[in-house]
Amino acid sequence: MANMAEQVSSNSKKPRTISRNKLLVISGTGWMFDAMDVGILSFVIAAIAVEWNLAPAAIGWVGSINSLGMMVGAIGFGLLADRIGRKQVFMLTLVLFSVASGLSALTTTLLAFLILRFFVGAGLGGELPVASTLVSESVEAKERGRVVVLLESFWAAGWLIAALIAYFVIPSFGWRAALIITALPAFYAIYLRRNLPDSPRFVKAGASKQSVVEKMSALWAKPYRRRTLMLWIVWFTVVFSYYGMFLWLPSVMVLKGFAMIKTFGYVLLMTLAQLPGYFSAAWLIERTGRKFVLSTYLIGTALSAVAFGSADTLPMLLLFGALLSFFNLGAWGALYAYSPEQYPTSIRGTGTGMAAGIGRIGGIFGPLLVGSMLTAGYGFGLIFGIFCGAILIGVLAVIFLGTETKQLELE
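An unreviewed UniProt entry lists the protein chain under the name MFS transporter, with Sporosarcina aquimarina given as the organism. A UniProt comment under Subcellular location (unreviewed entry) is attached to the protein chain, and it reads "Cell membrane".

Written out as structure tokens, the structure is:
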């Protein structure tokens, strides 16, 4: 009887599992909603700039306040994920950004809009690194990188939905209706509560009992110092360039002389190129390794950025905009696969969240840089050249500081 009781007790402690494909779809749907909200913002910025008569510098603040919230959310929720679990934080962040985004549709002033966008950003910033950590800890080493890149591919689906909403909803019903639609994902958290198990590695290891200071110090302990430095540099340069370029994409097209409704259609076409970018990175990452895929796709992003910034005809804008989407989002997929692999389970959420949080500092300055330089009279060629240089710094960090983690078992 005692042995039977011990066996029952032992079985009750086993983490509930889920198939790889189901985990990918459930987590990826949350990721898709995240992307939909970020994508909608880029189109909403173009619309409210016209309605509220905003200067380029003010437009830059809309994107930057979002990134400020993402920085706070990535760090705070990353720490919390090591304390209460990946699943709980995943649901919490989903509800936060959905509700705040829906409420932002009711605002009538820029200040109120910025305040709510901060809370939207906090939810978005927390959800992404926590979701990638959850998936990384739930699949086998031989396919971990590919599955996380495929998780990131749901970002493209979210952007496509955002572009479709912008194309069909904003011209007829206004930007407020588009933002109300982004509140719907909050209901998805109810589904997640019943159908998504927590990370088996987290369940097995239990909640980390380290303090915040101890966790932060552990990131810079000798075994992880080089990895942390590499991740912080890469995340900063990638997020700085991404939000500087992609949040401004519809506005760039408008400022180059294209009508807003046509611009939304053009950006939709560019966004379609994200899907082959993800799928090619997913195919390569378990064959050539994380470092090769990440550095190669970042170099492609840098070259595409220069070409897009200098393009002045519609065919060239569409071509180089598509290449920019292809390479940049493929690099994002590799980065999300690479980041959780740098740390042990006890500090994985903290390490990934901190790297993403440092990256969001770049996301604050990227949109502000574009707005301030446009106000000062600088052209897009120079602006996108700066983003090219930043990305190349990230490439050097990966090459010289990065450690290959292909198919290694997580600690």
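We are not done yet, so read on.
As a further point, take the overall build of the protein chain. For the protein chain, the helix and strand inventory stands at 19 helices and zero strands. Taken across its 411 residues, the protein chain has 60% of its residues classed as buried. Of the roughly 15,500 Å² that the protein chain leaves accessible, carbon and sulfur atoms contribute 70%. Looking at charge distribution, the protein chain has the averaged site of its 31 positive side-chain charges lying 2 Å from that of its 18 negative ones.

This next bit is on a nonpolar patch on the surface. On the surface, V95, V99, L103 and L106 cluster together into a nonpolar patch covering about 340 Å² of accessible area. Relative to the helices and strands, L106 is located in the loop between α4 (86-104) and α5 (110-136). Overall, L106 belongs to the exposed group, its relative accessible area being 62%.

With 134 residues, the main nonpolar core has F113, W155, W235 and L294 as its most contacted residues. No other element matches helix α2 (residues 20-51), which puts 17 residues into this core.

All right, on to the pattern of salt bridges then. Tallying each qualifying case throughout the model produces 13 salt bridges. K142 is the partner of E140 in a salt bridge, and the nearest nitrogen-oxygen pair spans 3.7 Å. Classification of E140 as partly exposed rests on a relative accessible area of 48%. With a closest N to O distance of 3.7 Å, R201 and E409 form a salt bridge. Taken together, the positions of R201 in helix α10 (residues 200-205) and E409 in the segment after α19 (380-401) put the pair 208 residues apart, joining distant regions of the chain.

A few words now on the packing of aromatic side chains. The description of two aromatic rings rests on the distance between their centres and on the angle between their planes. A full pass over the atoms with the stated rule returns 21 aromatic pairs. Ring geometry for F308 and F384: centres 5.5 Å apart, planes at 55°, overall tilted. Placement of the pair is F308 in helix α16 (residues 290-310) and F384 in helix α19, with a sequence separation of 76 residues. Each ring, one from F326 and one from F327, has its centre 5.0 Å from the other, and the planes form 85°; the classification is edge-to-face. A connected cluster of aromatic rings, assembled from ring pairs, spans W31, W235, Y242, Y243, W332 and Y336.

Phi is mostly negative for residues that are not glycine, and the peptide bonds are mostly trans. You will see that N53, though not glycine, has its phi angle at about 55°, which is positive. Looking at the secondary structure, you find N53 in the loop between α2 and α3 (56-84). Non-glycine residue Q407 carries a positive phi angle of around 60°. Within the element layout of this structure, Q407 appears in the segment after α19. We classify Q407 as partly exposed; its relative accessible area is 39%.

The rules behind these values
Residues take numbers from 1 onward in each chain, read along the sequence in its written order. Given that the model is predicted, a residue must reach a pLDDT of at least 70 before its local features are reported, and side-chain atom pairs must reach 80 or more before they are shown or counted; all residues, however, enter totals for whole chains, interfaces and linings. In computing side-chain properties, one takes all heavy atoms of the structure into account and sets aside hydrogens as well as water. UniProt positions are given in the numbering used here, feature names are shortened, and annotations may be inferred rather than shown by experiment. Helix and strand labels come from DSSP, where a helix needs a run of H or I of at least four residues and a strand needs a run of E of at least two; each type is numbered from the N terminus. Under the scheme applied here, a residue whose accessible area is under 20% of the maximum for its type counts as buried, over 50% as exposed, and between as partly exposed, the area being computed with a 1.4 Å probe on protein chains only. What sets the accessible areas is the Shrake-Rupley method with a 1.4 Å probe; for residues, cover comes only from the shown protein chains. Under the convention used here, Asp and Glu are negative, Lys and Arg are positive, and both His and the chain ends fall outside the count. A charge is said to be at NZ when it belongs to Lys, at CZ for Arg, at CG for Asp and at CD for Glu. Each patch is built from salt-bridge-free residues with over 30% relative accessible area, joining like charges within 9 Å and nonpolar side chains (Val, Leu, Ile, Met, Phe, Trp, Tyr) within 5 Å. Whenever Lys or Arg places a side-chain nitrogen within 4 Å of a carboxyl oxygen from Asp or Glu, that contact is recorded as a salt bridge. As used in this record, nonpolar core signifies buried Ala, Val, Leu, Ile, Met, Phe, Trp, Tyr and Cys residues forming a set joined through side-chain atoms within 4.5 Å. Only centres within 6.5 Å qualify two rings of Phe, Tyr or Trp (six-membered ring in Trp) as a pair; their planes then separate them into stacked at under 30 degrees, edge-to-face at over 60, and tilted for everything else.

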